[in-house]
Structure formats: structure tokens, C-alpha cells
Amino acid sequence: MAILFETERLMIRRWIPERDAEQAFEIYGDPKVTYFLGRGFPEPNIESQRQSLIRVTERYNQLNNGTGFWAIVEKETTKIVGSIIIKQLPGTDNVTTDDYEVGWHLRRADWGKGYATEAGRGMLAYGFDILNLPVIYAVVKPENHASIAVTQRLGMKPIGRTNKYYGGVELLLFQLDSSLV
Ligand SMILES: CC(C)(COP(=O)(O)OP(=O)(O)OC[C@H]1O[C@@H](n2cnc3c(N)ncnc32)[C@H](O)[C@@H]1OP(=O)(O)O)[C@@H](O)C(=O)NCCC(=O)NCCS
């Protein structure tokens, strides 16, 4: 089923738009989850969610460089609890840069269990060991305290504010060097 990796409690696998749209909508149809995610959210319905999954998975299939957006599956229940991402950051002009970021989104019901940290740790290892990245970043809106806390549990170093990415919006930047892992 195109599993990327497993951790103690989680399995990271490819999203399957035909099958997973309902579970994805539980995440991306919830305004509490999408509050910090920017344009295009929350998803209005399952069909638009399916189309978004198709678009995103096709984009990463075309890129075919090991980056992407994967489903986080809870092994115990086999439910999808979120997404974990590794991708190139878009710059001020929204064209991709050579800097790579990790990202995490969880279903509201699965906050507070350590799943973002567990999946994030696995994704950093994938980025360093499989993609051979020397550095991985995270960018977070300054008010997104839950996400900032994930970066800190992962040992990422706060660099300060930046407006180099995502069309120039001001974000907090965090960094982890492969040599420190
Ligand atoms: C950001 C987000 C993923 C963080 O979720 P989270 O559940 O707070 O983070 P984790 O999965 O790392 O869980 C940590 C929490 O679980 C608790 N926890 C329970 N069991 C744990 C375990 N085995 N290991 C680690 N933490 C555990 C921790 O104490 C912590 O709780 P606290 O917040 O009360 O201190 C979540 O808020 C979210 O999906 N937000 C919306 C999407 C978003 O904004 N994404 C980031 C964009 S930059």
C-alpha cells in the first residue's frame, strides 16, 4: 500500500484519493484544524476534498523527487489521523526554492497524543537519510503555538522571523541540521 515508513504507533502511507476523501475531510473540513493553513480551507465537502487530494498527489507524482504529502495512519485503529509533509518551500514569488520544510496536520480528535512529534521525527529521519538533505526547516505562523511546540519537541532550532517564503508572509523559521541528529 505504498508505505513510506512506520513508527511505534503510526504508519505513514500514500493518500489514495478515491478511498480516503471522507477521512481527509474529517481533517481539512474542520475550521479548527485549518485555521492557520491559509487559502482554500476549510474544504467545503467530500467531493472537493477528493479533487484536492487528486491534485496534490498528482503534483508530487510528477515531481517524483521523494517529496510529498502522506497520510498518518494509527496502527491500532487503522484510521487516518493526519498528514505529514516534506516539500520544497515556495519563495517570495511562490516559485519553489531549494529549501525543504516539514509540516504536520492532525485531526482535531487526535491532538494531544504526540502523533505530530512521532510522525515528524520519522519524516526528519527520512529527509536526512533517504533524501540526503543537509538541513530541514519548518515555518510556522507566529500565533500557532501548538505547531511551535512540535518543532521544539523535535529539537529544531528557532532562527527568528522570516519573509523569504510563501509569497513574503511573515513566519517563524525553525531549522535542524543533519549533523545534529
Ligand atoms: C500542530 C498540531 C499538529 C500539533 O498537535 P499536538 O497534538 O499538539 O502535537 P503532538 O502530536 O506532538 O502532541 C503533543 C501533545 O501530546 C501530549 N502527548 C501525549 N502522549 C504523548 C506521547 N506519547 N509523546 C509525545 N507527546 C505526547 C504532549 O504532552 C502534548 O500535549 P500538550 O500540548 O498538552 O503539551 C495540531 O495542533 C494541528 O493539527 N493543528 C492544525 C494544523 C496546523 O496548524 N499545522 C501546523 C502548520 S505549521
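Residues numbered from 1 in each chain as written. Predicted model: local features only at pLDDT ≥ 70, side-chain atom pairs only at ≥ 80, totals over all residues. Heavy atoms only, no water.

For the protein chain, an unreviewed UniProt entry supplies the name N-acetyltransferase and the organism Chlorogloeopsis fritschii PCC 6912.

1. Structural notes on the overall build of the protein chain
This is how the line gets drawn: Numbering of helices and strands starts at the N terminus; helices are DSSP runs of H or I of at least 4 residues and strands are runs of E of at least 2. For this analysis, residues touch if any pair of their heavy atoms sits within 4.5 Å. Surface exposure here means Shrake-Rupley accessible area, sampled with a 1.4 Å probe, where a residue is shielded only by the protein chains that are shown. Just so you know, the count uses Lys and Arg for positive and Asp and Glu for negative, and it drops His and the chain ends. The atom standing in for a charge is NZ when the residue is Lys, CZ when it is Arg, CG when it is Asp and CD when it is Glu.
Across its full length, the protein chain holds 5 helices and 8 strands. Its C-alpha atoms give the protein chain principal-axis dimensions of about 40 × 35 × 35 Å. Sequence-distant contacts in the protein chain: of pairs separated by 6 or more residues, those separated by 24 or more amount to 58%. On the protein chain, roughly 9500 Å² of surface is accessible, and the fraction owed to carbon and sulfur atoms is 51%. Charge-centre separation for the protein chain: the mean point of 21 positive side chains lies 3 Å from the mean point of 22 negative side chains.

2. Overview of unusual backbone geometry
What counts, and what does not: Only protein chains enter the accessibility calculation, which uses a 1.4 Å probe. A residue is then buried if its area is under 20% of the maximum for its type, exposed if over 50%, and partly exposed in between.
The amide bond that connects Phe41 to the next residue, Pro42, takes the cis arrangement and shows omega of -10°. With respect to the helices, strands and loops of the structure, Pro42 is situated in the loop between α2 (31–34) and α3 (46–63). Even without being a glycine, Thr78 presents a positive backbone phi close to 65°. Structurally, the position occupied by Thr78 is in the loop between β3 (68–74) and β4 (80–90). Under the relative-accessibility criterion, Thr78 is labelled exposed at 60%. Phi at Tyr166 is positive, roughly 50°, even though this residue is not glycine. Examined against the element boundaries, Tyr166 turns out to sit in the loop between β7 (157–162) and β8 (171–177).

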